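Chain and residue survey
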Amino acid sequence: MRIDILLHHAYGMGGAIRSVCNLATELSLRHPVRIVSVYRRRDETFFPLSDRVGIRTLLDVRPDARPLAEGRAADTVERLRRRPTRVVPAADDSSATYSRLTDVLLKQYLRTTAADVVMGTRPGLNVAVARYCRRGVVRIGQEPLSVRTYSPRRLRIIRRHYRRLDAVSVL
């Protein structure tokens, strides 16, 4: 069973990232596991990863990163980057960092992944997993915080979209 874990930024050093690295390492003892990072801002992950855990980045924003496109296509990429997201709900604290470009990249990944299981790791990514994963994929949402801390707006989004998930786990 192939497992993908979708993170906002796998190269950071937060508690949710640490727990995903630990989970991925443990799962990789029995399954092929890959961490899919929406963003890449650093050369190396802060937390060590097992050699058994793969990592894929959807959007590399390091200064020396290879551009996604050149010529006219680069203009399109830049326009998409400047437009606000329609995939990650505004109720997610990180929604302002997403754009139409990340929408395109997330949808393309979720619709084409060969993974048997895809797990999101924050409300906005859980919504994307619920809405855009191809049929047949087991969809899991991981909640890093207590729902008691969530705004009424975020709770409405969770109630609306999480019913499409096969499971929700909490830290």
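Since the structure is predicted, the reported quantities are computational estimates derived from the model, not experimental observations. (Residues numbered from 1 in each chain as written. Predicted model: local features only at pLDDT ≥ 70, side-chain atom pairs only at ≥ 80, totals over all residues. Heavy atoms only, no water.)

1. Examining the nonpolar core
In plain terms, the rule: What is meant by a nonpolar core is a set of buried Ala, Val, Leu, Ile, Met, Phe, Trp, Tyr and Cys residues, joined one to another through side-chain atoms within 4.5 Å. Note on classification: 1.4 Å probe, protein chains only; a residue is buried when its accessible area is under 20% of the maximum for its type, exposed when over 50%, partly exposed between these limits. Per the convention used, a helix needs a DSSP run of H or I reaching at least four residues, while a strand needs a run of E reaching at least two, with both numbered from the N terminus. Whether two residues are in contact is decided by their heavy atoms: any pair within 4.5 Å suffices.
Of all hydrophobic cores here, the largest spans 32 residues; its most connected members are Leu6, Val38, Leu106, Leu110 and Val118. When residues of this core are assigned to their parent elements, the largest contribution, six residues, is made by helix α4 (residues 123-132). Non-local contacts of Val118, meaning those with residues more than four positions away in its chain, are made with Asp4, Tyr109, Leu110, Thr113, Val129, Cys133, Val137, Val138, Arg139 and Ile140. Judged by nonpolar contacts, the second largest core, of 17 residues, contains Leu7, Ala10, Cys21 and Val117.

2. Side note on the pairing of strand β6 (residues 167-170)
Working note: regular strand, side chains alternate between the two faces of the sheet. Filter applied, for reference: DSSP calls a pair of strands paired once it identifies at least 2 bridges connecting them. When the strands point away from the viewer, a crossover counts as right-handed if the path from the first strand over the helix to the second runs clockwise.
One ladder, built from four bridges, connects strand β5 (residues 138-143) with β6; its direction is parallel. Note that in β6 the partner of Ile140 across the bridge is Ala167. Read as a crossover between parallel neighbours, the route from β5 over helix α5 (residues 152-161) to β6 is right-handed.

3. Comments concerning the pairing of strand β1 (residues 3-9)
Within β1, seven of the seven residues are buried, which leaves it mostly tucked inside the rest of the structure. In terms of strand pairing, β1 meets strand β2 (residues 33-40) through six bridges, oriented parallel. Residue pairing in the sheet places Ile3 in a bridge with Val33 of β2. Assessed by its sense of winding, the connection that carries the chain from β1 through helix α1 (residues 15-27) to β2 is right-handed. Direction of pairing for β1 relative to strand β4 (residues 117-120): parallel, over a ladder of four bridges. Counted as the bridge partner of Ile3 is Val117 from β4.

4. What about the packing of helix α3 (residues 100-112) against α4?
Where we set the bar: Orientation is described by axes fitted as lines to C-alpha atoms, over the contacting stretch for helices, and by angles from 0 to 180 degrees between their N-to-C directions. Angles are sorted into four bins: roughly parallel if under 35 degrees, roughly antiparallel if over 145, roughly perpendicular if 65 to 115, and oblique for all others. In a left-handed crossing the near helix is turned counterclockwise from the far helix by less than a right angle, and in a right-handed crossing that turn is clockwise. Only Asp, Glu, Lys and Arg are considered charged in this grouping, and only Ala, Val, Leu, Ile, Met, Phe, Trp, Tyr, Cys and Pro are considered nonpolar; every other residue, Gly among them, is considered polar.
Viewed as axis vectors pointing N to C, α3 and α4 meet at an angle of 50°, and their least axial separation amounts to 9 Å. In terms of orientation, α3 lies oblique with respect to α4. In this structure, the crossing between α3 and α4 has a hand that is right-handed. Taking contact as the criterion, the partners of Leu106, Lys107, Leu110 and Arg111 in α3 are, on α4, Leu125, Ala128, Val129 and Tyr132. Of the residues belonging to the contact of α3 with α4, the class tally is six nonpolar, no polar and two charged.

5. Details of the sheet that holds β5
In spatial order, the strands read β3-β2-β1-β4-β5-β6; together these six strands make up an open sheet with parallel pairing. One side of each edge strand has no neighbouring strand; the edge strands of this open sheet are β3 (53-60) and β6. For this sheet, the mean angle separating the axes of adjacent strands, direction not counted, is 25°. As defined by bridge partners, β4 adjoins β5 across four bridges and the pair is classed as parallel. Opposite Val118, over in β5, you have Arg139 as the bridge partner.

6. Quick notes on the confidence of the model for the protein
Inclusion rule: Looking at any residue, its pLDDT shows the predictor's confidence there, from 0 to 100.
Per-residue confidence for the protein gives a mean pLDDT of 92, with 99% of residues at or over 70. Here α5 stands out as the element of the protein with the lowest mean pLDDT, 86, in contrast to β4, whose mean of 98 is the highest.

7. Details of the side chain of Ser28
Heads up, the rule is: Polar contacts, as counted here, are pairs of nitrogen or oxygen atoms within 3.5 Å of one another; within protein the pair requires one atom able to donate a hydrogen and one able to accept it, and residues that are adjacent in sequence qualify only if both atoms are side-chain atoms.
Looking at the secondary structure, you find Ser28 in the loop between α1 and β2. Polar contacts involving the side chain of Ser28 include one to the main-chain carbonyl oxygen of Thr25, which spans 2.7 Å. Within the structure, the side chain of Ser28 is placed 3.1 Å from the side chain of Arg52, a separation counted as a polar contact. Excluding residues within four positions of it along the chain, Ser28 makes contact with Val33, Ser50, Arg52 and Val53.

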